[in-house]
Amino acid sequence: MEKRLRSSLQSSAEELLSFVTKLPLKSSKAAIKSSVSTLIKPSSDLISTLPLTLQDSISRSISKFKSHSDSSFAAASPLTPPAKRVRRSARNKRDDGDENGGQTTAEKLQVYTYVLQLCVFHPKNVFTVSDLLPATQELHDNLILFESDSSLLSDIANLCEEWWKAGLLGKETLISQSLPVILSRSLTLKKKVDVHRVYSLREAFSLFDFEDESIEDLKHLLIRCMISPLYLKTEDGRKFIAFLFGLSMQLIKELCAMIKSQIPFGRKSMLEAYGEILFRGWKTVESERKNEIENGFLQELVEGAIYASSPDLAASIRRILWGFVQQRTTEGVEKLIFRLAEPVVFRSLQVANSNVRQNALHLLLDLFPLENPDATKEAKDTLLEKQFFLLEKLLSDDCPDVRVVAVEGICRTLHLFWEVVPSPTITKMITRIFDHMIYDACTEVRLSTVNGVIYLLGNPQSHEVLKVLLPKLGNLITDSTSVVRAAVADLLLLLNDIRNFHFHKVVPLDVLISALVYDQAVIARKITRLLVPSYFPSKVTEEEACKRVITLMKRSPTAGARFCEFVALEGASLRSLMRLFKVFIGLSVSSAKLSEEQIEGLLVASSHLCTVLSKDASLLAALKEELSAKNLKALFAVASSTRAQSSVCNIISLASPDAAGDLFEDCMGLIKKCSSLLDDTEKQAEVRHAHKMIVSSGWFDDMFEDVVGFLQRAAHGCHVKFGIGLGKESTKSTTRTKKGSSTKISSKSKHGKGKRPSATGENRFLEDYALAVGLAWQIKDLLLSDSTRKAILSSRNLKRAYSALKVISEVSILHSLQYEDLNTYLVSAYTALTLHMSLHNVKADDNPSELTLNHLLDCAYNLFKSKNDKKSGKCTSGSSPHTRKIPPESSTSTKECQTGTSLTKQININAIKGLTSILKFIVDATAMDLVPRYQERCLTFTTENLRFVITNLNQISMAESQLFQDDLKDLIICLKSSFTYGAKLVSVVLKAGEVSSLQRGAYSLANELFNLLVAVEEHLGYACAARFSTVVEPWLPDLVLALGSSCLLEQNIDEGLTFDLSENPTLHVPSWFHKLARIELCELRSTGSDEEIEHPNDFLAFKGLVETMSKLLGVNAEILDAVGVTFLTGSLSALRSKNLDTVFGVLHFVCRKLIRAQDWKELKFMLASVEKFYNELEREADKEDISEDDRHKLNGAKTLLEPVWTSFIYEQGRHSMEEE
């Protein structure tokens, strides 16, 4: 190949080009370059012939390329997809017959371009540039033709780029087409090298006329650079965009407009890049263009930073302005900042709008100190005093957000400018902060005060002043808000690292130890980190370190235990912790006289240390050696409190379960002490420790048998007191025959403190019931773990547990209206056990889920019945088909029948809690497809349950006394849960399929869910309804679909109204329709007259959800049509029941808000319904026996429907008749 190449170079230019076009360019580039560079000499004939031959070959190839492109375009059929593009590797395999193809021509042009580039940049400059320019211009002028071949396009653009960089003759003629290609390539390929290429060609852009219309495409590319992350991230990219500001006034405006559009959602890095670009652009331009940036854009940014609608938007604008602020030492910048900001900042700091004051304060702090460089020293000092005066004044602002910014801003200002701020000003401002702001009623202000002081400590010159004032902050370690206490702990940690500061002079050690005991884990850990150098230092011997911890333990055993909980996390070595553990164990079992509190502290601390040490396999042997059976018995012997005993259980389960010996009865003592377990997380942790020990020791079956025995005892008590029938499993003996496993708990003093007095009657039942509640919590907790769940489900006592929970749950539901002490958590345990039995296919005579469902529904219906009996004056308890009335001796208490008191409200809430547990079970079982035959019954019950809840809400609100805060909180949680379970059931049913009865049930349930929302707002107020709405909104799409589900099932459009109306039509008007109508009427009255309207702001939460529902319906015409029929049906029902206000209100909502006039033509079901409705309205309005007021309302309703009637029904009917 090289010989033929040399031969062609020594012959003619035509032969040279003919030969090189037949070579594969990629592999032969090096040979071609070497030959052209070395063999073409100044005396060669090719010097004069090659440029002309190149130009001629390029012209012919371009003509062929054009003709091929034109013929391909003419031959292409719009119905035929384009042919598959030939791979580059296949192009070289074409025979000579394909020379006229467009692809081969493109390859030739690529070779010509390469040869042309070698000639232009020949190392000996043997070619005249003016001879090569025509060929280069022809390639450049036809660049647009080669868009389909990126390689050829890139090679030609590279040639033009190198020509420009070399400053060769005619470079101005080679940029109009090449620059857009290079710029577009940088935006498409997103490579830094392409951005650098564009920046190096920036001067070429000044040759374009940016006022000409033909430049629009290039302007679009340049503006795209403004939002390109690559351009904003790279230095060359930012410099290039800044250069664009000097090209055209119109381009400046468009670039600024692009920046403005990105401010609301731009990232921090993007906004900071815009600030730098603006500064560089401002710096390079002059006269009118600089004025446009200053007064046309920067002034707008300053005002926008003050009057922004949100703090985030204001912060985004300030990030852009920061590009100028951080360059304020540059000549002219300080003066510009003062000129733009001074007229608006000071005025805005004193306006009535707190958001404006806050934004202006942020801006002032960013610009501080704001000064005029041309002013005198006296004027500068006066202006500085004015700024300090305003900052101090804003410390007393009415708005907490402004005070927060003021405190942090003053501390930041003093940190930065301590040396130049006058001492009296410093003293005045910092005293104000320490004397007033730390006692501010707003949590955020107190927090900002602590954070500001932490920031101020970064300036060493502030230390002398702060050393005197910091003790005033000490009381914040007991602040009511955890974030403030955590910030104070951070401050103390910072002081501990600063020389000459002592944290215990800010917060006394006793207060710190108290905080260590009672505060949250995150704060306790910080206090531990603070105390480690004093109480467990690494620089002293292990013996000395242990003595110091013992000192802390004696001072406060609980604090010492908490210290040991976190000391390992703060870097203490495992070796030293092991030594400390041995000291604790030895001290606990020694004969030393220690108080019960100290022993408990030692055991709890040992438990924490053991948790850490047991994770290291190398220490397990040492732990087991220390925890011998003798020591474990001794530990249990000295453990007098439940917490101490649970700590011993945890130690055994972690390190030495084999040495547990005969400690089963001790553990069972912990498990039995569970009467107040539900709300006590500390006791729950203690019980879990006991469970863990029992499982690790292989005693689970014995424990579960004892637990079931206790449950059966409670179930028997329910049978005796309430006459609840016992199943055959519940009547079996509860006594275990296994050796060493008696259900009776040891009577050691550490458990019983002597014999418990004999309890009879009411007290015994309540004790057994309270124990059953705690045991139910334990069963539910054990079901969460794989191992214990498997043990429960395989236990021979499972059916006994199920039967006992069934009986106790029945009592908990049926008598929740009469007994304050009954707890519905038992129902949760009962249903949880049932679900796990069904999911794991536990053998039973019937489906456990179906049995439990039937049982719970019977209980609930009897509860509803008892409530109705109570309303009618009967004070009886409901009962299932197998239960009896309460025995006389247990029903004489007056508390069982009282109404209108706090007790009544409490037990009503208990009933709602129990029903909520049933709802949860229904939804879970339905979603898991465990009760497929009972979906319709589940829907019916859920609907009736919601009606029961709404009735109870009404009764609770009618009581004279107010709900306690805890009761209200529990009630809101139950209501949220009830709504969620009901809505989820609607969703499950809608997904199940088109079963007519189920769809109608979903429709009824959806209406009751809306009724519940209205009832919450009506009886509990807007605040509760607003919290409740957060649960409602995610389910709105499902509820909307359920409202139209019945109509969507109808296939006959002529039927119009799809619901059958019974003789009593009021049953078909959901109560939320009345509230919707009321809202519409209130709005009409408030806009139609100046008279005072009663309750104009009723049901704001409901109104907001209705607006959201309207937006959802506007998206889908088919669903809108179906739901619209529901509204018309309700309105027609109201018409037949003579409730004309509801008729008019609902129709006004439908015609004015729900549906636009032009949308009616798509709503076929609604049009058919309107026809029937309008005819009935006319008949009612024409009756002579109605009052004028009613006639006025009916005519108003007709007015709402007349446009629809005239445009879509009457006219269509008339046209149909004319056609016939």
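This report concerns the structure included in the present document. All figures in this text were calculated on a predicted structure; none of them were measured in a lab.

**Concerning the overall build of the chain**
Line of reasoning, step 1. A tally of helices and strands in the chain yields 57 helices and zero strands.
Line of reasoning, step 2. The burial tally for the chain puts 52% of its 1220 residues in the buried class.
Line of reasoning, step 3. Intrachain contacts of the chain at a sequence separation of at least 6 include 75% that bridge at least 24 residues.
Line of reasoning, step 4. Of the roughly 56700 Å² that the chain leaves accessible, carbon and sulfur atoms contribute 51%.

**Focus on the packing of helix α16 (residues 287-307) against helix α17 (residues 311-325)**
Line of reasoning, step 1. Where α16 meets α17, the axes come as close as 9 Å, and the angle between the chain directions of the two elements is 140°. By the angle between their directions, the pair α16 and α17 is classed as oblique. For the pair α16 and α17, the sense of crossing is left-handed. Side by side, α16 and α17 meet where L298, L301, V302, G304 and A305 of the first sit next to A314, I317, R318, I320, L321 and F324 of the second.

**So, the environment of N952**
Line of reasoning, step 1. On the secondary structure map, N952 appears in helix α46 (residues 935-958).
Line of reasoning, step 2. Distance from N952 to A911, taken between C-alpha atoms, is 9.4 Å for residues 41 residues apart in sequence.

**Details of unusual backbone geometry**
Line of reasoning, step 1. Backbone torsion omega between F368 and P369 reads -5°, so that peptide bond is classified as cis.
Line of reasoning, step 2. Topologically, P369 is positioned in the loop between α19 (354-367) and α20 (377-394).
Line of reasoning, step 3. Phi is positive for N125, which is not a glycine, with a value near 50°.
Line of reasoning, step 4. Mapped onto the elements, N125 comes out in the loop between α6 (102-120) and α7 (129-141).
Line of reasoning, step 5. Residue classification places N125 among the exposed positions, given a relative accessible area of 59%.
Line of reasoning, step 6. Positive phi, normally seen in glycine, also occurs at K1138, with a value near 65°.
Line of reasoning, step 7. Residue position: K1138 is located in the loop between α54 (1117-1136) and α55 (1140-1154).
Line of reasoning, step 8. Given the relative accessible area of 51%, K1138 is considered exposed.

**Regarding the packing of aromatic side chains**
Each aromatic ring pair is specified by the distance between its two centres and by the angle formed by the two planes.
Line of reasoning, step 1. Counted according to the given criterion, the structure contains 25 aromatic pairs.
Line of reasoning, step 2. Arranged with centres 4.6 Å apart and planes meeting at 85°, the rings of W1072 and F1073 form a pair that is edge-to-face. Neither W1072 nor F1073 differs from the other in exposure class; each is buried.
Line of reasoning, step 3. Put simply, the rings of F1010, W1072, F1073, F1102, F1127 and F1149 pair up and form one aromatic cluster.
Line of reasoning, step 4. Across from the ring centre of Y199, 4.0 Å away, lies the NZ or CZ of R202, which sits over that ring.
Line of reasoning, step 5. Over the ring of F501 we find K467, and its NZ or CZ is 5.7 Å from the ring centre.

**Side note on helix α21 (residues 400-417)**
Line of reasoning, step 1. Across its 18 residues, α21 extends 25 Å between first and last C-alpha, which sits within 8% of the 26 Å expected from 1.5 Å per residue.
Line of reasoning, step 2. Where α21 is buried, its residues meet α19, α20, α22 (423-436) and α23 (443-456).

**As for the environment of L494**
Line of reasoning, step 1. Tracing the backbone through its elements, the reader meets L494 in helix α25 (residues 482-496).
Line of reasoning, step 2. Given a relative accessible area of 27%, L494 falls into the partly exposed group.
Line of reasoning, step 3. Every residue in contact with L494, bar those within four places of it in the chain, is listed here: I454 and L457.

**Focus: the environment of I956**
Line of reasoning, step 1. Mapping I956 onto the fold places it in helix α46.
Line of reasoning, step 2. Remark: the alpha-carbon pair of I956 and I909, spanning 47 residues in sequence, is separated by 9.1 Å.

What counts and what doesn't
Residues numbered from 1 in each chain as written. Predicted model: local features only at pLDDT ≥ 70, side-chain atom pairs only at ≥ 80, totals over all residues. Heavy atoms only, no water. Helix = DSSP H or I, 4+ residues; strand = E, 2+ residues; numbered from the N terminus. Buried < 20%, exposed > 50% of the residue type's maximum accessible area, 1.4 Å probe, protein only. Contact = heavy atoms within 4.5 Å. Areas by Shrake-Rupley, 256 points an atom, 1.4 Å probe, with all protein chains shown as cover. Axes fitted to C-alpha atoms, helices over the stretch in contact; angles between N-to-C directions. Parallel < 35°, antiparallel > 145°, perpendicular 65-115°, else oblique. Left-handed = near helix turned anticlockwise from the far one by under 90°. Phe/Tyr/Trp six-rings, centres within 6.5 Å; stacked < 30°, edge-to-face > 60°. Lys NZ or Arg CZ within 6 Å of the ring centre and 35° of its normal. Expected span 1.5 Å × (residues − 1).

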